[in-house]
Amino acid sequence: MNKLEFLARLEKLLKGLPKKERETHLSYYREMIEDAIEDGCAEEEAVARIGSPGEIAEQILSEQETPAKPVSAGKKIVIAILLIIGSPLWGSILLAAAALGAGVLITVLALVLCAYIVIWCLPVTTGALSLACLLLAVVSTVGAFPVFFHNAALGVLQFGIGILSAGIFILAGYLTLLLGQFFIGITIRFSRWLKRLFTRKKNMVKKEVTPQGDTIMTCKTWSERR
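Worth saying up front: this structure is predicted, and the values here are computed from it rather than measured.

Reading guide: rules and limits
- Residues numbered from 1 in each chain as written.
- Predicted model: local features only at pLDDT ≥ 70, side-chain atom pairs only at ≥ 80, totals over all residues.
- Heavy atoms only, no water.
- Helix = DSSP H or I, 4+ residues; strand = E, 2+ residues; numbered from the N terminus.
- Contact = heavy atoms within 4.5 Å.
- Polar contact = N/O pair within 3.5 Å; in protein donor to acceptor, adjacent residues only side chain to side chain.
- pLDDT = per-residue confidence, 0-100.
- Buried < 20%, exposed > 50% of the residue type's maximum accessible area, 1.4 Å probe, protein only.
- Salt bridge = Lys/Arg side-chain N within 4 Å of Asp/Glu carboxyl O.
- Arc of directions from axis to C-beta.
- Patch = residues over 30% accessible without salt bridge, like charges linked within 9 Å, V, L, I, M, F, W, Y side chains within 5 Å.
- Areas by Shrake-Rupley, 256 points an atom, 1.4 Å probe, with all protein chains shown as cover.
- Phe/Tyr/Trp six-rings, centres within 6.5 Å; stacked < 30°, edge-to-face > 60°.

Pulling in residues and values, what's your account of the environment of Leu14?
Relative to the helices and strands, Leu14 is located in the loop between helix H1 (3-13) and helix H2 (19-38). When the C-alpha positions of Leu14 and Pro53 are compared, they lie 9.7 Å apart, and in sequence the two are 39 residues distant. Excluding residues within four positions of it along the chain, Leu14 makes contact with Arg22, His25, Ala57, Ile60 and Leu61.

Here's what the structure looks like:
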């Protein structure tokens, strides 16, 4: 097939396109064949390298976007009337959806707050026990000396209670320190998990610019998200 036969066949297959667009495609493939001939190819070989007119036409036509049909004025009026008549129904649906969304949000926030309270209950309890034992140890130990001169047995008992309270204070304080460090780590990880939960959808989408200058949105792969 020579150049003229190729272009004639391609023009026939593209007759459904607007004339200007059809001429643009024909001019493109005409120049492509002429460039190949200038590089030393025979005319038939240059045409064969491009491909068959049928395949090229099929590819061009598949890339064409179907133009949206304009909505007539009559349809616009009918749509407006239906929207006005149905406003009590869809308005109620929108209000119910908004109330449901607000309820879900409040529930989630309440659960998050409860989670934080539960997480910190144990270290706060051990911390309060540690402070109480410290106060009891100071009072019992210092007050044991005056009591000892009046009643030796009672003074020794009170002094022993002070020493025992001091020991509990040390243990409870150390346990509070360990629990505090542990629950601080849990709180940080929990906060990061919440942040990822609300930003995951946004991060899974990225913008890419094609060589033609068009911006497209694509989903990130698992490896890209990691």
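Let's hear about the side chain of Lys3: which residues, and what values?
With respect to the helices and strands, the residue Lys3 is situated in helix H1. A distance of 3.3 Å separates a polar atom in the side chain of Lys3 from a polar atom in the side chain of Glu34. The residues touching Lys3, leaving out its near neighbours within four places in the chain, are Arg30, Ile33, Glu34, Glu43 and Val47.

Any chance you could break down the confidence of the model for the protein for me, citing the residues and the numbers?
Low pLDDT means the predicted atomic positions in that stretch should not be read closely. Confidence along the protein averages 78 in pLDDT terms, with 83% of residues attaining 70 or more. Taken element by element, the predicted model of the protein shows its lowest mean pLDDT in helix H8 (residues 222-225) (40) and its highest in H1 (88). Confidence drops under pLDDT 50 across residues 201-226; counting only partners more than four residues distant or on other chains, this segment forms 24 contacts.

So what's going on with the side chain of Ser165? Residues and values would help.
Assignment of secondary structure puts Ser165 in helix H7 (residues 152-203). According to the relative accessible area criterion, Ser165 is buried, its value standing at 4%. Apart from residues no more than four positions distant in its own chain, Ser165 is found in contact with Cys133, Leu136 and Ala137.

Which residues make up the pattern of salt bridges, and what values do they have?
Enumeration according to the criterion identifies two salt bridges in this entry. Its salt-bridge partner being Glu34, residue Lys3 comes within 3.3 Å of it at the nearest N-O pair. In this pair, Lys3 is assigned in helix H1 and Glu34 in helix H2, connecting sequence segments 31 residues apart. A residue is classified by how much of its surface remains accessible, and Glu34, at 31% relative accessible area, is partly exposed. Between Glu45 and Arg49 there is a salt bridge, and its shortest N-O distance comes to 3.4 Å. Placement of both Glu45 and Arg49 in helix H3 (residues 43-50) is noted, with a separation of four residues, approximately one turn of the helix. Using a relative accessible area of 58% as the deciding quantity, one classes Arg49 as exposed.

Can you lay out the environment of Gly162 for me, pointing to particular residues and giving the numbers?
Its place among the elements puts Gly162 in helix H7. A residue is classified by how much of its surface remains accessible, and Gly162, at 0% relative accessible area, is buried. Each C-alpha atom of the pair Gly162 and Thr141 lies 4.8 Å from the other, and the pair is 21 residues apart in sequence. Contact partners of Gly162, with chain neighbours within four places excluded, come to Ala137, Ser140 and Thr141.

I'd like a rundown of H3, residues and numbers included.
Among the residues of H3, Ala46, Val47 and Ile50 are the ones counted as buried. The arc enclosing the buried residues of H3, seen along the axis, measures out at 100 degrees, which places them on a common side. Every exposed residue of H3 that faces more than 90 degrees away from the buried side is listed here: Ala48 and Arg49. Residues of H3 that are buried sit in contact with H1, H2 and helix H4 (53-62).

Account for a nonpolar patch on the surface, with residues named and values stated.
A cluster of nonpolar side chains, Phe145, Phe148, Phe149, Val156, Phe159 and Ile163, forms an exposed patch at the surface whose accessible area comes to about 660 Å². Counting through the fold element by element, Phe149 comes out in helix H6 (residues 87-150). Looking at Phe149, the relative accessible area reads 71%, which means it is exposed.

Tell me about the packing of aromatic side chains, and name the residues and values.
If you walk through the whole model with that rule in mind, you get five aromatic pairs. What links up through ring pairs into an aromatic cluster is the set Phe6, Tyr28 and Tyr29.

Before we move on, can you summarise H4 with the specific residues and values?
Those residues of H4 that fall on the buried side of the exposure criterion are Pro53, Ile56, Ala57 and Ile60. Projected down its long axis, H4 shows its buried positions confined to an angular sector of 95 degrees, all on one face. Residues of H4 that are exposed and point more than 90 degrees away from the buried face comprise Glu55, Glu58 and Ser62. Check the buried side of H4 and you find it contacts H1, H2 and H3.

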